[in-house]
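Breakdown of the fold
The primary structure of each chain is shown beneath.
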Protein chains: 2
Amino acid sequence: MPQLRVPTRRERRREATYDEIVKVSAELLAEDADLSLRAVASRMGMTAPALYRYVASAQELVDLVAFELDKGATEDFRAAAERHPEDDPAARVTAAAVAFRHWALSRPREFHLVFHNPISAGESERRELLTLSTSGHFFTDLLWQIWEQTRFPFPSLDELAPAVRDAVLDPLIPAKSEHIPPEDRGLLWVYMRCWSSLYGVVTLECTGHCDPRVIESAALFKATLIDELPRLGLAGQRDRLVKILDEELSRHAT
Amino acid sequence: MPQLRVPTRRERRREATYDEIVKVSAELLAEDADLSLRAVASRMGMTAPALYRYVASAQELVDLVAFELDKGATEDFRAAAERHPEDDPAARVTAAAVAFRHWALSRPREFHLVFHNPISAGESERRELLTLSTSGHFFTDLLWQIWEQTRFPFPSLDELAPAVRDAVLDPLIPAKSEHIPPEDRGLLWVYMRCWSSLYGVVTLECTGHCDPRVIESAALFKATLIDELPRLGLAGQRDRLVKILDEELSRHAT
DNA sequence: CGTAAACGGTAAACAGTGTAAACTGCCCAC
DNA sequence: GTGGGCAGTTTACACTGTTTACCGTTTACG
């Protein structure tokens, strides 16, 4: 039975400082200023070395705010999704994907921080945080809900490459998978493929390695999403979902 | 008639210095050192401010070496492609795609520099350089060769969204398109879609937002490429190309 | 309680970074 | 041969991240 200690005064104060650090960092990012220890510290009325009581390095600070930004962005995605009925996860995921794209295009710096921040290096905390990534949980959960409705096909465990089988049985990647029985973990493969597509176009658009007019028109994004529908057993709802997709896109029109 | 001046002594010297700058920069990157004006300058036996005679800012230096890295990498892709017969562009593009992935995974810093370097900001020179991007030309050319063989379908101009139509008729994006008659420019749409897929997976794998075991096994990459075959009229050659794909992948096996 | 250790913070310093201004010497064109 | 532009240096400024030594306050404990 977990010893549920009431946090001591010091601990609370420390936690509050942590919160202020990420809050101030997010502010800086939002103001298009660059994120530096000195900038964060001075805005908090401290000096830079003091931050070393809280983070081990500048990179760790970045990782921290990246996680927090992901959490915040996910709330946007959730809000977008919840404008559609609970029993219509296909519409919800469409809205969420559009919100994801819009977030990336309107806040490229933040997007870059969260999703282009290389992880490999210090297998340390970052991997751990990433595994908790909230946006990952959010999208996988929506996908699960779609599967409950359409029962789209997914590979069985022995159809998967061994490495992939290991990966879906014991995911390092953010995915709400505990409730998925092992024999159905092939679902995660479908998730990976969809995520790869979405992440791919959005990154391409966001980094600008793509004609600006194509970005503006969202044509590539739209086509990519539409191509994923069959994979999710949504081919039959194509027209309906394209309509929703267009509506969602026009919400954010310039 | 262009006044083809013989470059003066000074001009040649200047050009040589430019070359040395990018050469030294590439060396630094290759040694996993970080690219800084001072590092580049000192290795050339100069002081940092001297470099401002050649580049207007540190960012411009980065852009310069990015372009050069792209050129160098493209030579790798070309070499990989040329291990397959000239009349088999499908095999060639497969090998090139694998080479692209391998380059990205083995030199993530360089990949990041070339392909995640945001362009939007200084619409200046960078966009111009990007339009000349050699890897873009290389891949589009291979695609064109495939089309000559398979005659895969592509959208007509009036099937394209207006913005996309403009984009394919007057590409800002690197593409060898001058030789494609305007009415066939829908081909470039297919190119964009393929490029988006390839760029997407490779970026996903390279940034590490993906299970390491999935990266190691190349399963996601493989599946993505295979899914693009129908788009290029290559569905019938699937088995043959998958075999080539596996061979190419195992060439770089760890 | 009183004391000692842990905590949270500062000041100073080091090694880097990009960049601007002033200055110097050489090469080239007229 | 002489002036002008070019290539480079020196110096300086304003920033980075990070380490060290120090200092007061807060906490925990004998």
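The structure this text deals with has already been given above.
Residues numbered from 1 in each chain as written. Chains lettered and ligands numbered in written order. Predicted model: local features only at pLDDT ≥ 70, side-chain atom pairs only at ≥ 80, totals over all residues.

As for the overall build of chain A
Counting secondary structure elements, chain A contains twelve helices and zero strands. With the C-alpha coordinates aligned to their principal axes, the bounding extent of chain A is approximately 60 × 50 × 35 Å. For chain A, with 254 residues in total, the buried portion stands at 39%. Within chain A, contacts between residues separated by at least 24 positions form 64% of all contacts whose residues are at least 6 apart in sequence. (Helix = DSSP H or I, 4+ residues; strand = E, 2+ residues; numbered from the N terminus. Buried ≥ 20, exposed ≤ 12 C-beta atoms within 10 Å, placed from the backbone. Contact = placed C-beta atoms within 7 Å.)

Topic: the interface of chain A and chain B
Counting residues at the interface gives 37 residues for chain A, matched by 37 residues for chain B. The set of elements that each furnish at least two residues to the side of chain A that touches chain B consists of α5 (108-115), α8 (162-169), α9 (186-207), α10 (212-217) and α11 (219-228) of chain A. A total of ten residues in the side of chain A that touches chain B trace back to one element, the largest contributor, which is α9(A).

Re helix α1 (residues 9-30) of chain B
Helical periodicity: at 3.6 residues per turn, an α-helix aligns residues three or four positions apart in one direction. For α1(B), with 22 residues, the first-to-last C-alpha span of 32 Å sits near the 32 Å given by 1.5 Å per residue. Positive phi shows up at B:Asp32, right after α1(B), with a value of about 65 degrees. (Expected span 1.5 Å × (residues − 1).)

Quick look at the protein's contact with DNA strand C
Around DNA strand C, a shell composed of 19 residues is seen, among which B:Ser36, B:Leu37, B:Arg38, B:Pro49 and B:Ala58 lie nearest. Of the residues assigned to the surface near DNA strand C, the class counts are eight nonpolar, five polar and six charged. (Near = placed C-beta within 6 Å. Nonpolar A, V, L, I, M, F, W, Y, C, P; charged D, E, K, R; others polar.)

Notes on the protein's contact with DNA strand D
Taken together, 20 residues are adjacent to DNA strand D, and A:Arg9, A:Ser36, A:Pro49, A:Ala58 and B:Thr47 come closest. Its residues assigned to classes, the surface near DNA strand D comprises nine nonpolar, five polar and six charged.

Points about the relation of the copies chain A and chain B
For these two chain copies, the linking operation is a rotation about an axis paired with a shift along it. Overlaying chain A on chain B yields an RMSD of 0.1 Å, the required transformation being a rotation through 180 degrees with an accompanying axial translation of 0.0 Å. Taken together, the rotation angle and the small translation identify this as a two-fold axis. Measuring from the rotation axis to each C-alpha of chain A, the shortest distance belongs to A:Gly200, at 1.7 Å. Taken together, the interface assignments show that 100% of the residues at the interface of chain A recur at the interface of chain B, consistent with an identical surface on both copies. (Least-squares fit on C-alpha atoms with pLDDT ≥ 70 in both.)

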